[in-house]
Each structure stands twice: as C-alpha cells, then as structure tokens.
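# Chains, contacts and geometry: an overview
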Amino acid sequence: SLLGHEGRTIDIFKNNCQGCEWDAVSSWFEGNAMLRQVLLNIDVSRFTKAGGFEMFQRIIGNGYVIFHKDALLRNWPLGDGAAMEYAFLKLSKTFFEG
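Just so it is clear, the model here is predicted, and its values are computed rather than measured. (Residues numbered from 1 in each chain as written. Predicted model: local features only at pLDDT ≥ 70, side-chain atom pairs only at ≥ 80, totals over all residues. Heavy atoms only, no water.)

### Quick notes on the overall build of the protein chain
Looking only at helices and strands, one finds two helices and four strands in the protein chain. The helix and strand sequence of the protein chain, counted from the amino end, reads β-α-β-α-β-β. Within the protein chain, the proportion of its 98 residues that are buried is 29%. At a minimum sequence separation of 6, the contacts of the protein chain that also span at least 24 residues come to 65%. Accessible surface, the protein chain: about 6,600 Å² in total, of which carbon and sulfur atoms supply 53%. (Helix = DSSP H or I, 4+ residues; strand = E, 2+ residues; numbered from the N terminus. Buried < 20%, exposed > 50% of the residue type's maximum accessible area, 1.4 Å probe, protein only. Contact = heavy atoms within 4.5 Å. Areas by Shrake-Rupley, 256 points an atom, 1.4 Å probe, with all protein chains shown as cover.)

See the structure below:
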C-alpha cells in the first residue's frame, strides 16, 4: 500500500534483496494487489538456515507453482556465491481441485 499498488495486478514481481525475502514474503500476500509472477534470487548458503522451506510453503500455499529454476553459480565451487533463481506463477484455485 505504501507504493500505491492496492487493488492492482502486478504482472512480474522481482525480488533480489540479498536475504530480506525470508522475512518479507509474508507481506507480499497481505495486501490486495495480485502478483501474477514472483521471481526470486535465493542465496543457497542461507536457504535452510533462514527458513527457505517455510518461505516456499507460504508462496505455494498462496496458489503459486514453480515454472522455472536456474542455478547461478558465481565463484562456485569455491564456496561463495551459489544462488538459485526461481520463478513462480499464480494459478487459479480451480487448477488445484481434483
């Protein structure tokens, strides 16, 4: 609501905040803006420590599916910089019905 997106449809929402997504994910679905696609760049080294599984459950629980995943291997295998890019797509509730 701070940016004036209430009641709007946002076709592509890209988040690359270097770790803030773990805490921010809840707020993405609180307002009445509709996000059609959510794109995330996730640091692999923080995934399990920061609640990555819970973040994915929250996104999927809001009606999204993963439609793209890409490994971003900067400085890998030296241990620093490995990340994954995920793209989620919002589907109709009827898609998930038997």
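### A short note on the nonpolar core
Judged by nonpolar contacts, the single largest core of 15 residues is most densely connected at Trp28, Leu40, Ile59 and Phe88. Secondary structure elements with two or more residues in this core: α1 (21-28), β2 (34-43), α2 (52-61) and β4 (82-90). Sequence-distant contacts of Ile59, that is, excluding residues within four places in its chain, are made with Val25, Trp28, Phe29, Leu40, Tyr64 and Phe88. (Core = buried A, V, L, I, M, F, W, Y, C linked by side-chain atoms within 4.5 Å.)

### So, the sheet that holds β4
The mixed open sheet is built from four strands, whose spatial order is β1-β2-β4-β3. Where the open sheet ends on each side, the last strands, each with one partner, are β1 (9-15) and β3 (64-73). On average, each strand axis in the sheet is inclined to that of its neighbour by 10°, with strand direction left out of account. Bridge count between β1 and β2: six bridges; the pairing is parallel. Its bridge partner being in β2, Asn15 is matched across the sheet by Leu40. Seen against the sheet, α2 touches β2, β3 and β4 and runs at an angle of roughly 165° to β2. (Pairing = 2+ DSSP bridges. Axes fitted to C-alpha atoms, helices over the stretch in contact; angles between N-to-C directions.)

### Looking at the packing of aromatic side chains
For any pair of aromatic rings, geometry is given as the distance between the ring centres together with the angle between the planes. For the structure shown, the criterion picks out seven aromatic pairs. For the ring pair Trp28 and Phe29, a centre distance of 6.4 Å and an interplane angle of 75° mean the geometry is edge-to-face. Summarising the aromatic geometry, the rings of Phe95 and Phe96 are spaced 5.2 Å apart at their centres and angled 85° between planes, so their arrangement reads as edge-to-face. Pairwise contacts between aromatic rings join Phe13, Trp28, Phe29 and Tyr64 into one cluster. (Phe/Tyr/Trp six-rings, centres within 6.5 Å; stacked < 30°, edge-to-face > 60°.)

### Here's the deal with α2
Two residues of an α-helix separated by three or four positions point the same way, owing to the 3.6 residues in each turn. All buried positions along α2 are accounted for by Gly52, Met55, Phe56 and Ile59. For α2, the angular spread of the buried residues around the axis is 95°, confining them to a single face. In α2, the exposed positions angled more than 90 degrees off the buried face are occupied by Phe53, Gln57 and Gly61. Once α2 ends, the next one or two residues include Gly63, with phi positive near 95°. (Arc of directions from axis to C-beta.)

### Some points on the side chain of Asn41
Examined against the element boundaries, Asn41 turns out to sit in strand β2. With sequence-adjacent residues up to four places away left out, Asn41 is seen in contact with Asn15, Asn16, Glu21, Leu72, Ala83, Met84 and Glu85.

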